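# Understanding the architecture of this molecule
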Amino acid sequence: MDESTDINDTAQLVLFIRGVDENFEITEELACMRSLKGTTKGCDIFREFQEGLLSLKVPITNICNITTDGAPNMTGKKSAFLGLFNQNYPGNNVVFLHCVIHQDALCKSALNMKPVLDAIVKLVNTIRSRGLTHRQFWDFLQSVQSEYSDVLYYTKVRWLNAGCVFERVWQLKDDIVSFFHEKQCSAECEMLEDTEWLSDFAFFTDLLCHMNNLSVKMQGKNQFINDIWAHLKAFKLKLNLFAGQLAKNDLSHFSRLNSIPSVNKEKLKNYEEGLKKLHFEFECRFQDFSAIQTELDIFTMPFNVNCEAVRSDLQLELIELQSNNHLKQSFLNMPKLEFYESLSKVSNLKKILKGILDYYNEVLGQQITGFRMPDVAAMGEKNDIEELGRLLQLVLGCAVNCAQKHEYIEALMGLEENIQHDVMNAIQELMTTELPAPTYQSETYADLNNQVKGLTEDLHSAKESKEQITQRCHELDMQVAVLLEEKNSLLSENEKLLERLKREESFEDPSTLAGKRFQQMTQKLELMQDELFKLETGRDELKLKVENQLREILELQQKNEELQRLAEESQSMKDELDVLRHTSDKVNVYEATIESYKKKLGKFSYQVCINLKVWLKA
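In this report, we go over the structure that sits alongside the text.

Conventions used here
Every chain's residues receive numbers from 1 upward, in the order its sequence appears when written. Note on the predicted model: pLDDT of at least 70 is required for a residue's local features to be given, and 80 or more for side-chain atom pairs to be given and counted; whole-chain, interface and lining totals, by contrast, use all residues. Hydrogens and water are ignored here; the side-chain numbers use all heavy atoms of the structure. Numbering goes from the N terminus for both helices and strands, where a helix is a DSSP run of H or I of at least four residues and a strand is a run of E of at least two. The cut-offs for exposure are 20% and 50% of the maximum accessible area for each residue type, with area from a 1.4 Å probe on protein chains only; residues under the lower value are buried, those over the upper are exposed, and the others partly exposed. In what follows, a contact means two residues having at least one pair of non-hydrogen atoms within 4.5 Å. In short, Shrake-Rupley with a 1.4 Å probe defines the accessible areas, and a residue's cover is counted only from the protein chains shown. When DSSP finds at least two bridges between two strands, those strands are taken to pair. Nonpolar cores are built from buried Ala, Val, Leu, Ile, Met, Phe, Trp, Tyr and Cys residues. Side-chain atoms within 4.5 Å join them into one set. A fitted line through C-alpha atoms serves as each axis, taken over the contacting stretch for helices, and the angle formed by two N-to-C directions is quoted from 0 to 180°. We score Asp and Glu as negative and Lys and Arg as positive, and we do not count His or the chain ends. A pairing counts as a salt bridge when a side-chain nitrogen of Lys or Arg comes within 4 Å of a carboxyl oxygen of Asp or Glu. Surface patches are defined over residues having more than 30% relative accessible area and no salt bridge, joining like charges when they lie within 9 Å and nonpolar side chains (Val, Leu, Ile, Met, Phe, Trp, Tyr) when within 5 Å. Helices are assigned an expected span. That span is 1.5 Å times one less than the residue count. Pairing of aromatic rings covers Phe, Tyr and the six-membered ring of Trp, with a centre-to-centre limit of 6.5 Å; geometry is then stacked below 30 degrees between planes, edge-to-face above 60, and tilted otherwise. To sort the angles, those under 35 degrees are grouped as roughly parallel, those over 145 as roughly antiparallel, those from 65 to 115 as roughly perpendicular, and the leftovers as oblique. Charge placement uses NZ in Lys and CZ in Arg. For Asp and Glu, CG and CD serve respectively.

### A few points about the overall build of the protein
When helices and strands are tallied, the protein shows 23 helices and seven strands. Evaluated residue by residue, the protein yields a buried proportion of 31% over its 618 residues. Within the protein, contacts between residues separated by at least 24 positions form 63% of all contacts whose residues are at least 6 apart in sequence. With the model as given, the accessible surface of the protein reaches about 41400 Å², and the carbon-plus-sulfur share is 55%.

Structure, rendered in structure tokens:
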């Protein structure tokens, strides 16, 4: 169960169900997703959890484990989901766990790899965030025929991403250095040429690859919790081994770090301390498994568990299981799921056998003494045919002795003759071993032999009836064969008549009725074809006329537009002419005025000259 926020900032509660049905088939699927419209408190999550189970019709008693993301609103013991669950369902046997793979990813926080991670992320972003640089890097890797075509982006939410990014950069480190040297940008990759930094990078790359291998082992379908816990315990032991080997300068399991020449001893000591911190982090985060260690041991190796240390309701069944050498051998040779499935079959077969024997004793008043009982273990584990046959004998005995025995006997007589013979022998063998139960009255005991004889006679009479019915069926088969022959002759005669009818009703012969009708229809068809041809011809002519008219209309439209344009130009020229005329009139007036002024000026000049001469003479 997990709660997260989608791209619309709506909190979503996801319920993922993993269950086993009565046939031991494992179901793993997303059950439902509930939207949390308001707050995401423990009460909100618990309410949506209850509504989700109600919509799925899952009883709360069927839940044995709830795994969460470990958030406070999930794991708080008072107002969070865990506390509310225990308050509403007191006495439940549900085991609460924190998601194993999530905790595995969180354990990385114990490692001080932020400086190395930041440098790697910066390097990757330098290559991929710039389009030109990214394309040039692609081309460079292709030119050197590199195994890889690109570096990977780092994404924090992907569990395996950090290890994959580190490993890819490690594989391409020499190509990256050559690429930046070629671009004359050596500063971008100077840390890849620093031995001290490379040793840290190599150590974290090796360690993250080990952790990625652990995470991959714990993922996938049909994973049992005991197998996941075994992987975790193995990894904790590996961490102790790694720390001890680093203290001895043994780098057998750190191949990349081993490729760095002369690693500083102080560095190795720091790496050893980091591994110890990581081991301590694993110990602290996976303490939940200590509460269910006994249950895990029962499931993982039930034959080695101390019966006194388990729950009282399992002790007796566990003792019986450990005492059965056949089951112990099956447990070692079979997958766990198949073993427990066969164990469930054995338990069900025991109940069936007990019910049959109770039916003999309590209902039929008989006891079976000399009959070897079927081995339910062999039936459940090996599907033993002989033992299944013995169980079937007991079932047949119930069928031919119950109140509806006549119906069952009729059904048995409908089987094949060899099967009937085997069934009768099996019933007789069983009845010879049946004895009356001591709790019934004496007259019931005295009638047992008569009952057996009556049943045998009924079987024989039914067999004779079957033979008579078989003879009758043979006679009916003969009659059916005769009727089939008559049917075939009638069919052949019918075919001959149909051929004759076709010949008489030939369309080509004008003397027949069909021929006359065919000729009439042919003439009508020809007339209609002529009319159709005329109509099509008229249609084509009309199409041509329409096209010519459309063409004329377009030409007239163009002429009209041209005339309008000329009319507009004429109007504009007329307006200009009017303006010019008006201007010409003004010019004439001005010219007349000028002429009058010239005359006046001449007269005035003449008078001035006379006056001037007079003045000069004087």
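### Describing the pairing of strand β2 (residues 11-20)
Bridge count between strand β1 (residues 2-5) and β2: four bridges; the pairing is antiparallel. Across the sheet, Glu-3 pairs through a bridge with Leu-13, a residue of β2. Once β1 ends, the chain turns through five residues before running back antiparallel as β2, passing Asp-9 with a positive phi of about 60°. Looking at chain direction, β2 and strand β3 (residues 26-36) are connected through 10 bridges and run antiparallel. Considered in β3, the bridge of Phe-16 is made with Leu-30.

### Here we look at the nonpolar core
The biggest cluster of nonpolar side chains holds 63 residues, and the ones touching the most others in it are Ile-176, Leu-232 and Phe-282. Taken together, the elements giving at least two residues each to this core come down to α4 (100-106), α5 (114-128), α6 (131-143), α7 (161-171), α8 (173-182), α9 (195-218), α10 (225-247) and α12 (265-285). The contacts of Ile-176, once residues within four sequence positions are left out, are Leu-123, Ile-127, Phe-137, Val-151, Val-169 and Leu-192.

### Side note on the sheet that holds β1
The strand order across the open sheet formed by three strands is β1-β2-β3, and the pairing between neighbours is antiparallel. Edge strands, defined here as strands with exactly one partner in the open sheet, are β1 and β3. Direction aside, the axes of adjacent strands within the sheet are offset by 25° on average. With respect to the sheet, helix α1 (residues 42-56) is in contact with β2 and β3, its orientation differing from that of β3 by roughly 130°.

### As for the side chain of Asp-175
Along the chain, Asp-175 falls in helix α8. At 9.6 Å, Lys-173 is the nearest oppositely charged side chain to Asp-175, a buried residue that forms no salt bridge. Not counting chain neighbours up to four residues away, the residues in contact with Asp-175 comprise Phe-140, Leu-141, Val-144 and Ser-146.

### Some thoughts on a nonpolar patch on the surface
A cluster of nonpolar side chains, namely Val-546, Leu-550 and Ile-553, defines an oily patch on the protein surface of about 250 Å² accessible area. Looking at the element boundaries, Leu-550 is found in helix α23 (residues 513-617).

### Remarks on α1
Over its 15 residues, α1 extends 21 Å from the first C-alpha to the last, a length consistent with the 21 Å expected when each residue adds 1.5 Å. Within the span of α1, buried status applies to Gly-42, Asp-44, Ile-45, Phe-46, Glu-48, Phe-49, Gly-52 and Leu-53. Positive phi shows up at Lys-57, right after α1, with a value of about 60°.

### Section: the pattern of salt bridges
A complete count under the given rule lists 16 salt bridges for this structure. For Arg-256, the salt bridge goes to Glu-167, with nearest N and O atoms at 3.5 Å. Of this pair, Arg-256 sits in helix α11 (residues 255-258) while Glu-167 sits in helix α7; the two residues are 89 residues apart in sequence, bridging distant segments of the chain. The shortest N-O distance in the salt bridge between Lys-276 and Glu-272 comes to 3.3 Å. One end of the pair is Lys-276 and the other is Glu-272, both in helix α12 and four residues apart, which spans about a single turn.

### A short note on helix α18 (residues 385-401)
Between its first and last C-alpha atoms α18 spans 24 Å; for 17 residues at 1.5 Å apiece the expected length is 24 Å, and the two agree. For α18, the set of buried residues is Glu-387, Arg-390, Leu-391, Gln-393, Leu-394, Leu-396, Gly-397, Cys-398, Ala-399, Val-400 and Asn-401.

### Points about the environment of Leu-152
Topologically, Leu-152 is positioned in the loop between α6 and α7. As for Leu-152 and Asn-125, which are separated by 27 residues in sequence, their C-alpha atoms are 9.4 Å apart. With sequence-adjacent residues up to four places away left out, Leu-152 is seen in contact with Val-124, Arg-128, Cys-164, Val-165 and Arg-168.

### A word on the packing of aromatic side chains
Applying the stated criterion across every chain yields a total of 21 aromatic pairs. Aromatic side chains Phe-166 and Phe-201 sit 5.5 Å apart centroid to centroid with 55° between the ring planes, which places their arrangement in the tilted category. Residue Phe-166 is found in helix α7, and its partner Phe-201 is found in helix α9; the two are separated by 35 residues along the sequence. Residue classification places Phe-166 among the buried positions, given a relative accessible area of 0%.

### Comments concerning the packing of α5 against α6
Following both chains from N to C, one finds α5 and α6 inclined at 95°, their axes separated by 6 Å at the closest point. By the angle class used here, α5 and α6 are roughly perpendicular. For the pair α5 and α6, contact is made by Thr-126, Ile-127 and Arg-128 and by Thr-133, His-134 and Phe-137, respectively.

### Side note on a negative patch on the surface
Together, Glu-190, Glu-193, Asp-194 and Glu-196 make up a negatively charged patch on the protein surface. Topologically, Glu-193 is positioned in the loop between α8 and α9. By relative accessible area, Glu-193 is classed as partly exposed at 44%.

### Quick notes on unusual backbone geometry
For Gln-184, which is not glycine, the phi torsion reads 60° and is therefore positive. Its identity is not glycine, yet Asn-249 carries a phi of approximately 60°, on the positive side. Along the chain, Asn-249 falls in the loop between α10 and α11. Of the residues examined, Asn-249 reaches a relative accessible area of 53% and is grouped as exposed.

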